[in-house]
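# Residue-level structural notes
Residues per chain are reported as follows:
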Amino acid sequence: MASRTPTSPRLDFGEPTTPYTAYAGIDELHSLQHPRSKEPAERTFIVATQVMELLFAQLRQEWTSAQHALRADDLAGATAALRRGLGVQDVLVGSWDLLATMTPVEFSAFRPYLGEASGFQSYAYLHLEFLLGNKHAPLLDLYAGHPRVHAELTETLNGPSLYDDVAALLARHGLSADAEGWTGIYRSSDPPQREFALFGELLLDVAERVSEWRRRHYTSVKRTMGAKPGTGGSSGLSWLQKAADQDVFPDLWSARNAL
Ligand code: HEM
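Cut-offs and rules
Residues numbered from 1 in each chain as written. Predicted model: local features only at pLDDT ≥ 70, side-chain atom pairs only at ≥ 80, totals over all residues. Heavy atoms only, no water. Helix = DSSP H or I, 4+ residues; strand = E, 2+ residues; numbered from the N terminus. Buried < 20%, exposed > 50% of the residue type's maximum accessible area, 1.4 Å probe, protein only. Contact = heavy atoms within 4.5 Å. Areas by Shrake-Rupley, 256 points an atom, 1.4 Å probe, with all protein chains shown as cover. Lys, Arg positive; Asp, Glu negative; His and termini not counted. Charge placed at Lys NZ, Arg CZ, Asp CG, Glu CD. Near = heavy atom within 4 Å. Polar contact = N/O pair within 3.5 Å; in protein donor to acceptor, adjacent residues only side chain to side chain. Nonpolar A, V, L, I, M, F, W, Y, C, P; charged D, E, K, R; others polar. Salt bridge = Lys/Arg side-chain N within 4 Å of Asp/Glu carboxyl O. Phe/Tyr/Trp six-rings, centres within 6.5 Å; stacked < 30°, edge-to-face > 60°. Core = buried A, V, L, I, M, F, W, Y, C linked by side-chain atoms within 4.5 Å. Donors = N, O, S within 2.8 Å, 3.2 Å for Na, K, Ca; no water. Patch = residues over 30% accessible without salt bridge, like charges linked within 9 Å, V, L, I, M, F, W, Y side chains within 5 Å.

### Focus on the overall build of the protein
If you tally the helices and strands in the protein, you get twelve helices and zero strands. Seen in sequence order, the protein has helices and strands lined up from the N terminus as α-α-α-α-α-α-α-α-α-α-α-α. For the protein, the spread of C-alpha atoms along the three principal axes comes to 70 × 60 × 40 Å. Classification of the 259 residues of the protein by burial places 37% in the buried group. By sequence separation, contacts in the protein at least 24 residues apart represent 68% of the contacts at least 6 residues apart. Per element, the accessible surface of the protein, about 15,100 Å² overall, is 57% carbon and sulfur. Here the protein contributes 24 positively and 31 negatively charged side chains, and the mean placements of these two sets differ by 4 Å.

Shown next, in the form of structure tokens:
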């Protein structure tokens, strides 16, 4: 068999930037980190925040395309989108590793520079909460001064949640998405219902990862600042605990009690 000589990549673009730099906006990306203190851990905190923000937006895209597929009765398309989302969620959960080594002394060194900034004000995250059905309209006030974001959030708030779209699909098949409905679906040997049961399991994969992200956030907060109040004005840990304890897609969890 003829041996192939490996060819090296091209080096001579002779332009101010490489195609890679231009394509992925690399210069812009690397110009977005502006620590306000001299504490090196602050940069890690900024990068962790930016990575998670990008992933929140990516997850919104996957969940939204799952919704479009559900509306078209395309269960395979919705499954593919949610599975892509699971990959995003796994990286989101793993992103907490970036902050796992930050000590309370390091965090305290730059915390005053945050002012009242808090992840609680993340609109990308708020979209996800709305898509999960946690629709707390007063939170829109955060963006009263930012018309584009306010309009987009209002649309997500008023639109169906991911679970609403699942319920609508089941309803078109004469089925219900309450705990009793899921119990019947899980027990059924009817082929379409077995597919819905598998989809229910996929929704629980999504749910587990949402809770996992919340729990790791809670633990990071406990580790780096204990039970002090948050920069966003909440009681901090106790407030986060409530969110972490909340079941995502509660009907699917309740169905377990009867099965
Ligand atoms: C160790 C570093 C962190 C600490 C100590 C911390 C602390 C807190 C606290 C105390 C809250 C409650 C609201 C408040 O009063 O501020 C909160 C909320 C929140 N944080 Fe963090 N946070 C950290 C890192 C992050 C990162 C990297 C992100 C990613 C963007 C993030 C996203 C959020 C979100 C989305 C909320 C709202 C949660 C909800 O609505 O349930 N946090 N954080």
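Having seen it, we continue.
### Topic: the site of the ligand
In the vicinity of the ligand there are 26 residues, among which Ser118, Gly119, His217, Gly232 and Ser234 approach most closely. Here Ser118 contributes a side-chain N or O atom positioned 2.7 Å from an oxygen atom of the ligand. Take Gly232: an N or O atom from its main chain is 2.8 Å from an oxygen atom of the ligand. For the shell around the ligand, the secondary-structure elements that each account for two or more residues are helix 3 (41-71), helix 10 (191-225) and helix 11 (237-245). The element that contributes the greatest number of residues to the shell around the ligand is helix 10, accounting for five residues. Here the residues of the shell around the ligand are counted per class, giving 15 nonpolar, eleven polar and no charged.

### Points about the pattern of salt bridges
What the rule picks out here adds up to ten salt bridges. In this structure, Asp165 and Arg71 form a salt bridge, with 2.8 Å as the shortest nitrogen-oxygen distance. Of this pair, Asp165 sits in helix 8 (residues 162-172) while Arg71 sits in helix 3, placing them 94 residues apart in sequence. What makes Arg71 partly exposed here is its relative accessible area of 40%. Asp97 is the partner of Arg216 in a salt bridge, and the nearest nitrogen-oxygen pair spans 2.8 Å. Remark: Asp97 occurs in the loop between helix 4 (75-94) and helix 5 (104-114) and Arg216 occurs in helix 10; sequence separation between them is 119 residues.

### Some details on the packing of aromatic side chains
Here the structure, examined in full by the defined rule, presents eleven aromatic pairs. With a centroid separation of 5.4 Å and 90° between ring planes, the pair formed by Tyr123 and Tyr143 is classed as edge-to-face. Of this pair, Tyr123 sits in helix 6 (residues 123-131) while Tyr143 sits in the loop between helix 6 and helix 7 (147-158), placing them 20 residues apart in sequence. Through pairs of rings, three or more aromatic residues link up here, namely Phe56, Trp96, Tyr125 and Trp213.

### Points about the nonpolar core
For soluble globular proteins, the rule of thumb is that nonpolar side chains tend to be buried together. Counting 56 residues, the largest nonpolar core has Trp63, Leu82, Leu170, Trp182, Phe199 and Phe249 as the members making the most contacts within it. Examining the composition of this core, we find that 13 residues originate from one element, helix 10, more than from any other. Excluding anything up to four places from it in sequence, Phe199 contacts Leu70, Leu75, Ala78, Thr79, Leu82 and Val166. Core analysis: the second largest hydrophobic core is formed by eight residues, Leu139, Tyr143, Val149 and Leu157 among them.

### Points about the coordination of the iron atom of the ligand
In this structure, the iron atom of the ligand receives exactly one donor atom from the protein: His217 (NE2), at 2.2 Å. With respect to the helices and strands, His217 occurs in helix 10.

### Considerations on helix 6
Across the nine residues of helix 6, seven count as buried, placing the element largely inside the fold. Inspection of helix 6 places Ala124, Leu126, His127, Leu128, Glu129, Phe130 and Leu131 among the buried residues, and these make up the whole buried set. As for helix 6, its buried residues are in contact with helix 3, helix 7, helix 8 and helix 10. Once helix 6 ends, the next one or two residues include Gly133, with phi positive near 95°.

### A short note on a nonpolar patch on the surface
Where nonpolar side chains cluster on the molecular surface, the patch consists of Leu29, Leu32 and Leu54 and spans about 280 Å² of accessible area. Relative to the assigned elements, Leu32 resides in the loop between helix 2 (26-29) and helix 3. What makes Leu32 partly exposed here is its relative accessible area of 45%.

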